[in-house]
Amino acid sequence: MTFENILVATEGHLATLTINRPSKLNALNKATIQELHDALAQLDAEATIKAIILTGSGEKAFVAGADISEFAHFSIEEGAQLAALGQEILFDFVENMKTPVIAAVNGFALGGGLELAMACHFRIASDNAKMGLPEVTLGVIPGYGGTQRLPQLVGKGRAMEMIMTAGMIDAETAKSYGLVNHVVPQAELLEFTKDIASKITKNSPVAISYAIKAVNAGLIDTKEGFKTEIKSFGKCFGTEDFKEGTTAFLEKRKATFPGK
Ligand code: COA
């Protein structure tokens, strides 16, 4: 897979996808959003890939937002289309992938950058990371799911304050809010994230994909979430992964999941 704005590296069951526009602090232009979609779709379809890390190149930024230069002259319709297309092909797409995607937030995650990190299944930050939704300083609101995912992750009051003040929070504050799970020195961010990813890759990919589905369903509609959990739990019993997992336990050995 070769792209202009992103780098894709795979090692064993793990893929690392790096947004690579450091001179623009990895801002998400249209081409980068499309490339991210294409790369993620390909990786999600590859059975050998069991976890994906998403990060930014350089030491300064994860992603400093949507590319402001591309939408500064948009009309009402073009603005709505920008948000709808972006949400469909990248932000909702990541959230609903069957392969877990972990954001390794290595610096500024602002606007669309924080929205992208929030669309990932969970986040790990470097100690220099700064996060915020500065859209109202530009006269717009977050349009890539930020008004929805931020309150889900940090609660309504904190989300309102972050959106209204457009301020940035540091990594430790983000951890205390529950926005990121861990904070580590920048030099250790990728190794630390890979360690967590490697724990994920040992587990049943089918069960993990059902868990993602059930968790996401509950965030849209709690009742539906419980129904999805019951249905998905039942489906697990028909999988080869379940047979292998339970057999391995009873045979006192480590499971090797076929991912089916
Ligand atoms: N869109 C387009 N270009 C961006 C960008 C964005 N969201 N964020 C940064 N860049 C570009 C800058 O224009 C600059 O390009 P140039 O060198 O060609 O002029 C380059 O990235 C470096 O950014 P710069 O502002 O010089 O770095 P800094 O260290 O002084 O400031 C930030 C860093 C993150 C505070 C600042 O870049 C910023 O506020 N960016 C916009 C954040 C934002 O509002 N995001 C939400 C968008 S909806």
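Residues numbered from 1 in each chain as written. Predicted model: local features only at pLDDT ≥ 70, side-chain atom pairs only at ≥ 80, totals over all residues. Heavy atoms only, no water.

Another point: the packing of aromatic side chains. If you walk through the whole model with that rule in mind, you get three aromatic pairs. For the pair phenylalanine 237 and phenylalanine 242, a centre-to-centre distance of 4.5 Å together with 40 degrees between the ring planes defines the contact as tilted. Taken together, the aromatic side chains of Phe233, Phe237 and Phe242 make up a single cluster linked through ring pairs. (Phe/Tyr/Trp six-rings, centres within 6.5 Å; stacked < 30°, edge-to-face > 60°.)

Another aspect to go through is the site of the ligand. Surveying the vicinity of the ligand reveals 15 residues, the closest of which are Lys24, Lys60, Ala64, Ala66 and Ile68. A distance of 3.4 Å is found between an oxygen atom of the ligand and a backbone nitrogen or oxygen belonging to serine 23. The backbone of alanine 64 places a nitrogen or oxygen atom 3.0 Å from a nitrogen atom of the ligand. Protein coverage of the free-state accessible area of the ligand, which is 860 Å², stands at 59%. (Near = heavy atom within 4 Å. Polar contact = N/O pair within 3.5 Å; in protein donor to acceptor, adjacent residues only side chain to side chain. Areas by Shrake-Rupley, 256 points an atom, 1.4 Å probe, with all protein chains shown as cover.)

Turning to the layout of surface pockets, a few remarks are in order. Within this model, the largest pocket holds a volume of roughly 500 Å³. Lining the largest pocket are 23 residues, and of these Phe71, Glu135, Val140, Ile141 and Gly143 sit closest to its centre. Secondary structure elements with two or more residues in the lining of the largest pocket: helix H2 (68-71), helix H3 (76-95) and helix H4 (112-119). Considering each element in turn, the lining of the largest pocket owes the most residues, three residues, to H3. A class-by-class count of the residues in the lining of the largest pocket yields 14 nonpolar, seven polar and two charged. (1 Å grid on protein atoms, 1.4 Å probe; cavity = no way out; pocket = protein on both sides within 12 Å on 5 of 7 lines; lining within 4 Å. Points joined across faces, edges and corners; volume = space filled by probe spheres on them. Helix = DSSP H or I, 4+ residues; strand = E, 2+ residues; numbered from the N terminus. Nonpolar A, V, L, I, M, F, W, Y, C, P; charged D, E, K, R; others polar.)

This part is about helix H10 (residues 222-236). In this model, H10 (15 residues) spans 21 Å end to end at C-alpha, consistent with the 21 Å of a helix rising 1.5 Å per residue. For H10, every residue scored as buried is listed here: Gly225, Thr228, Ser232 and Cys236. Viewed along the axis of H10, the buried residues span an arc of 70 degrees, placing them on a single side of the element. For H10, the exposed residues lying more than 90 degrees away from the buried face are Lys223, Phe226, Lys227, Ile230, Lys231 and Phe233. In the core, the buried residues of H10 are packed alongside helix H9 (205-220) and helix H11 (240-250). N-capping of H10 is provided by aspartate 221, with a side-chain oxygen placed 3.0 Å from the backbone N of lysine 223. (Expected span 1.5 Å × (residues − 1). Buried < 20%, exposed > 50% of the residue type's maximum accessible area, 1.4 Å probe, protein only. Arc of directions from axis to C-beta. Contact = heavy atoms within 4.5 Å.)

Along the chain, tyrosine 210 turns up in helix H9. The class of tyrosine 210 is buried, set by a relative accessible area of 18%. Remark: the alpha-carbon pair of tyrosine 210 and proline 258, spanning 48 residues in sequence, is separated by 15 Å. Among all residues touching tyrosine 210, those that are not within four sequence positions of it are Ser232, Lys235, Cys236 and Thr239.

When a protein is soluble and globular, its nonpolar side chains tend to lie buried together. Within the largest apolar cluster, 48 residues are counted, with the highest numbers of intra-cluster contacts made by Met131 and Leu179. Look past the residues within four positions of methionine 131 in its chain and what remains in contact with it is Ala109, Leu110, Leu114, Ala125, Met162, Gly167, Met168, Ile169, Ala171, Ala174, Leu179 and Val180. Ala51, Ala104, Ile200 and Ile208 belong to the second-largest nonpolar core, a separate cluster that totals 14 residues. (Core = buried A, V, L, I, M, F, W, Y, C linked by side-chain atoms within 4.5 Å.)

A few words now on the sheet that holds strand S6 (residues 108-110). By way of backbone hydrogen bonds, the strands of a sheet pair with one another, either parallel or antiparallel. Taking strand neighbours across the sheet as the criterion, the four strands line up as S4-S6-S8-S9 in an open arrangement whose pairing is mixed. Looking along the sheet, the strands with just one partner apiece sit at the ends: strand S4 (61-63) and strand S9 (168-170). On average, adjacent strands in this sheet sit at an angle of 20 degrees to one another, irrespective of strand direction. In terms of strand pairing, strand S8 (residues 130-132) meets S9 through three bridges, oriented antiparallel. Counterpart to methionine 131 in the pairing with S9 is isoleucine 169. Packing of H4 onto the sheet brings it into contact with S4, S6 and S8, and relative to S6 it is tilted by some 95 degrees. (Pairing = 2+ DSSP bridges. Axes fitted to C-alpha atoms, helices over the stretch in contact; angles between N-to-C directions.)

We now examine the pairing of strand S3 (residues 51-56). Counting buried positions along S3 gives six out of six residues, so the element sits mostly inside the fold. Neither face of S3 is left uncovered, since the one carrying Ala51, Ile53 and Thr55 and the one carrying Ile52, Leu54 and Gly56 both have all their residues buried. Across six bridges, strand S2 (residues 14-19) lies against S3 in parallel orientation. Bridge pairing in S3 links isoleucine 19 to glycine 56. Between the parallel elements S2 and S3, the chain passes through helix H1 (residues 30-45) in a crossover that is right-handed. Bridging between S3 and strand S5 (residues 101-105) involves four bridges; their strand directions are parallel. (Right-handed = clockwise from strand over helix to strand, strands pointing away.)

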